[in-house]
Amino acid sequence: MLQPGYPLKMKVQIHGASTLRSFTDSITNGFLEAGSDVVTRNPDVHFIQVHSSPESLLEDLEILKATEHITKAIFLFHRPDEFLLHEHMKTFFNDRKVPIVLFGDLVQSEFWNHRKDETRIIPHPFFNLARPSLSYDEKIIVGAWTNWGEMRNLEHFFKLCSAIKKIDLDERFSFYAGGFLNGKLLDNKILQSELMKLPMNDGPAIEHSEEIFIPHFNTQLFHLNGKKRLGESSGSLHRGITIPVIFEANRAEEIENLKAIKIHADDELTVIDFGRAAQEIVGLTDDGYEKWLQFNLRSAQHNLPVDFARKILSLK
């Protein structure tokens, strides 16, 4: 449990793969703001992150090997569902009892159920409180600057945008995508090439953004190997104040007290109700989406990196 009397003034060493650089930089500032020292040797506690993304696996394994015998450790698992796919990493926790942190509690398995007593749920912190960007035509933006392909399908995004366009009679929306596709920087040529592979059916124009942007409706339709995933709480949902649009996000919308659009879909993602989600999004355009953004801002203001650091430091 959280122990109010546990000292916050501690020396912390943070471990994490290079794929977590933005998160690590953010929480480093959080620990410093909380009054602790972030060190590279002789810490009071090791804060060890396990990412479990395809790009991080070698570094994750190196970190687990290097910290195998450390007892003063707290572990954060960024993708607990994806971690379960790697038996060789699970072996590092066969006989180990250490505090474990997850961002949500939807992942159920023998591995995690066996460690419930050591596991605490701490919400993913917000990196900043910036408001949504506006496109040049000052329309409401649906989209994301994020990682596509690996765990977000551009076809899902396109189908949602098409469903919105069908009922957006006043043409109040613009649709943007940016970031990376399967680990490579997404440019307009690649984006349009990917979209041309899809059945168009008079779909909307998807614009490419070279710069990071903050959408009003942040489209984060997670999947794991093509199926609905239950363990993802992405940094893309915490880079600015937005309205998340998700299939599922580790129950983050409840844990973080966020207003979100949840698209109804089966676990196999073979039956997806984009039309219903489009109705909800368009139905918010009069003034509801601004109220939702204000609500999410108030929640985010209580969930900053310093708040995350204090909760980590209070674990015993």
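Calculation rules
Residues numbered from 1 in each chain as written. Predicted model: local features only at pLDDT ≥ 70, side-chain atom pairs only at ≥ 80, totals over all residues. Heavy atoms only, no water. Helix = DSSP H or I, 4+ residues; strand = E, 2+ residues; numbered from the N terminus. Rg over C-alpha atoms; globule rule 2.2 N^0.38 Å. Buried < 20%, exposed > 50% of the residue type's maximum accessible area, 1.4 Å probe, protein only. Contact = heavy atoms within 4.5 Å. Areas by Shrake-Rupley, 256 points an atom, 1.4 Å probe, with all protein chains shown as cover. Lys, Arg positive; Asp, Glu negative; His and termini not counted. Charge placed at Lys NZ, Arg CZ, Asp CG, Glu CD. Polar contact = N/O pair within 3.5 Å; in protein donor to acceptor, adjacent residues only side chain to side chain. Arc of directions from axis to C-beta. Phe/Tyr/Trp six-rings, centres within 6.5 Å; stacked < 30°, edge-to-face > 60°. Lys NZ or Arg CZ within 6 Å of the ring centre and 35° of its normal. Axes fitted to C-alpha atoms, helices over the stretch in contact; angles between N-to-C directions. Parallel < 35°, antiparallel > 145°, perpendicular 65-115°, else oblique. Left-handed = near helix turned anticlockwise from the far one by under 90°. Nonpolar A, V, L, I, M, F, W, Y, C, P; charged D, E, K, R; others polar. Core = buried A, V, L, I, M, F, W, Y, C linked by side-chain atoms within 4.5 Å. Pairing = 2+ DSSP bridges.

A. Inspection of the overall build of the protein chain at higher detail. Within the protein chain, the secondary structure is distributed over 11 helices and 15 strands. Relative to the 2.2 N^0.38 estimate, which gives 20 Å for 316 residues, the radius of gyration of the protein chain is 20 Å and therefore close to what a compact globule would have. Sorting the 316 residues of the protein chain into buried and exposed places 55% on the buried side. Summarising the internal contacts of the protein chain: among those between residues at least 6 apart in sequence, 76% fall at separations of at least 24. In the structure as shown, the protein chain presents an accessible area of about 15000 Å², 50% of it carried by carbon and sulfur atoms. Separation of charge centres in the protein chain, based on 36 positive and 44 negative side chains, amounts to 5 Å.

B. Layout of the side chain of His208. One can find His208 in strand S10 (residues 206-208). A polar contact is formed between the side chain of His208 and the backbone oxygen of Leu186, at a distance of 2.6 Å. Residue contacts for His208: discarding those within four places in its chain leaves Ala177, Gly178, Leu186, Asp187, Asn188 and Leu191.

C. The arrangement of helix H9 (residues 274-283) in detail. Phe274, Ala277, Ala278, Ile281 and Val282 are the residues of H9 that are buried. Projected onto a plane normal to the axis of H9, the buried residues spread over an arc of 130° and lie on a single side. In the core, the buried residues of H9 are packed alongside helix H6 (154-167), strand S8 (173-181), strand S11 (217-219), strand S14 (243-246) and strand S15 (261-262).

D. Spatial organisation of the packing of aromatic side chains. If you walk through the whole model with that rule in mind, you get 19 aromatic pairs. Between Trp148 and Phe157 the ring centres are 5.3 Å apart and the planes differ by 35°, which places this aromatic pair in the tilted class. Across the pair, exposure class does not vary: Trp148 and Phe157 are buried alike. Among the aromatic residues, those joined into a ring-pair cluster are Phe23, Phe31, Phe47, Phe103, Phe127 and Phe308. Across from the ring centre of Phe111, 3.9 Å away, lies the NZ or CZ of Arg115, which sits over that ring. Above the ring of Phe295, the side-chain terminus of Lys259 is found at 5.0 Å from the ring centroid.

E. How the structure looks around the environment of Glu155. Here Glu155 lies in helix H6. Sequence spacing of Glu155 and Leu195 is 40 residues, and the spatial spacing of their C-alpha atoms is 7.7 Å.

F. Inspection of the packing of H6 against H9 at higher detail. Packing of H6 against H9 brings their axes to within 8 Å, and their N-to-C directions diverge by 55°. Between H6 and H9, the angle falls in the class oblique. Crossing of H6 over H9 shows right-handed handedness. Here H6 contributes His156, Lys159, Leu160, Ala163, Ile164 and Ile167 to the contact with H9, which in turn contributes Phe274, Gly275, Ala277, Ala278, Gln279, Ile281 and Val282. Looking at the contact of H6 with H9 residue by residue, the classes come out as nine nonpolar, three polar and one charged.

G. Structural detail: the nonpolar core. Grouped together as the largest cluster of nonpolar side chains are 42 residues, with contacts concentrated most on Phe157, Ile164, Phe173, Ile206 and Phe217. Secondary-structure elements contributing two or more residues to this core are strand S7 (140-148), H6, S8, helix H7 (188-196), S14, H9 and helix H10 (288-300). If you tally residues by element for this core, the top one is H6, at seven residues. Residues contacting Phe157, with those up to four places away along its chain left out, are Val142, Gly143, Trp148, Phe175, Tyr176, Ala177, Ile206, Thr219 and Leu221.

H. A look at the sheet that holds strand S5 (residues 100-102). If you trace the six strands from one edge of the open sheet to the other, you get S2-S1-S3-S4-S5-S6, paired in parallel fashion. Of all strands in the sheet, those bounded by a partner on one side alone are strand S2 (37-38) and strand S6 (119-121). Where S5 lies against S6, three bridges are found, and the strand directions are parallel. Bridged to Leu102 within S6 is Ile121.

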